[in-house]
Amino acid sequence: MFSDELKGFRRLGFRHVRFSILESTDFLMLWKGLGLILNTESPIVVVLSGSMEPAFYRGDLLFLTNPPGQRYHTGDITVYRIPGAEIPIVHRDNNHVDDIDLYQGLEWLDRRHIIGKVRGFLPYIGYVTIATVSLFHRPG
């Protein structure tokens with residue numbers, strides 16, 4: 001009696017799954033392509049804390065580049081990853097302040113620790129990511 005309807009739902013379900021896989025693949029290719037062009041493992045990051053206020057607020061989306069021949073200078077806002085740390089750190093380099101506590105045991109940062117230099121941002125767009133992660137991430 002409902003066999004035609006069930007066949008229609010199955011067909012729609014398969015199309016939906018196939019579309020979702022293609023969309024995910026497109027996003028991954030775009031992400032990796034941007035990473036290659038901008039020479040960074042993560043061309044876009046989300047600010048997770050208020051430690052960079054008033055420059056950036058929690059939920060801001062940051063755009064990064066890491067050109068291989070470019071030097072970093074005092075005042076640059078960089079994103080770096082400490083070995084063993086899960087989340088990268090957004091930080092403004094300031095030679096007037098000792099930042100060694102931020103490096104969690106390292107004496108200095110090498111180029112390999114730096115993910116990129118902040119080149120632009122979109123305010124509050126990253127709250128979608130924060131909400132999604134907090135919804136599905138259950139501590140324990």
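What you see is a predicted model; the values in this text were computed from it and never measured. (Residues numbered from 1 in each chain as written. Predicted model: local features only at pLDDT ≥ 70, side-chain atom pairs only at ≥ 80, totals over all residues. Heavy atoms only, no water.)

Describing the confidence of the model for the protein chain
Low pLDDT means the predicted coordinates in that region are not meant to be read closely.
Link 1 in the chain: Looking at the protein chain, the pLDDT average stands at 81 and 78% of residues meet or exceed 70.
Link 2 in the chain: Per-element averaging of pLDDT across the protein chain places helix 1 (residues 3-38) at the bottom with 75 and strand 2 (residues 61-65) at the top with 93. (pLDDT = per-residue confidence, 0-100. Helix = DSSP H or I, 4+ residues; strand = E, 2+ residues; numbered from the N terminus.)

With respect to the packing of aromatic side chains
Link 1 in the chain: Enumeration over the complete set of coordinates arrives at three aromatic pairs.
Link 2 in the chain: Aromatic pair Phe-56 and Phe-121: ring centres 5.2 Å apart, planes at 75°, arrangement edge-to-face. In this pair, Phe-56 sits in the loop between strand 1 (44-46) and strand 2 while Phe-121 sits in strand 5 (residues 114-122), placing the two residues 65 residues apart along the sequence.
Link 3 in the chain: Residue classification places Phe-56 among the buried positions, given a relative accessible area of 5%. (Phe/Tyr/Trp six-rings, centres within 6.5 Å; stacked < 30°, edge-to-face > 60°. Buried < 20%, exposed > 50% of the residue type's maximum accessible area, 1.4 Å probe, protein only.)

A look at the side chain of Asn-66
Link 1 in the chain: Mapped onto the elements of the fold, Asn-66 is located in the loop between strand 2 and strand 3 (77-80).
Link 2 in the chain: Only 3.1 Å separates the side chain of Asn-66 from the side chain of Arg-111, close enough to count as a polar contact. (Polar contact = N/O pair within 3.5 Å; in protein donor to acceptor, adjacent residues only side chain to side chain.)

Let's talk about the sheet that holds strand 5
Link 1 in the chain: Read from one edge of the open sheet, five strands run 1-2-5-3-4, paired in antiparallel fashion. Each of the sheet's edge strands pairs with one partner strand only, and the pair in question is strand 1 and strand 4 (89-92). Between one strand axis and the next, the sheet turns through 40° on average, direction left out of account.
Link 2 in the chain: Across three bridges, strand 3 lies against strand 5 in antiparallel orientation. Considered in strand 5, the bridge of Tyr-80 is made with Ile-114. (Pairing = 2+ DSSP bridges. Axes fitted to C-alpha atoms, helices over the stretch in contact; angles between N-to-C directions.)

Focus: the side chain of Asp-76
Link 1 in the chain: Within the secondary structure, Asp-76 sits in the loop between strand 2 and strand 3.
Link 2 in the chain: In this structure Asp-76 comes out as buried when scored by relative accessible area, which is 11%.
Link 3 in the chain: From its side chain, Asp-76 meets the backbone nitrogen of His-73 in a polar contact 2.7 Å long.
Link 4 in the chain: Within polar-contact distance, the side chain of Asp-76 engages the side chain of Lys-117 at 3.3 Å.
Link 5 in the chain: In contact with Asp-76, other than residues within four places in its own chain, are Arg-71, His-91, Arg-92, Asp-93 and Lys-117. (Contact = heavy atoms within 4.5 Å.)

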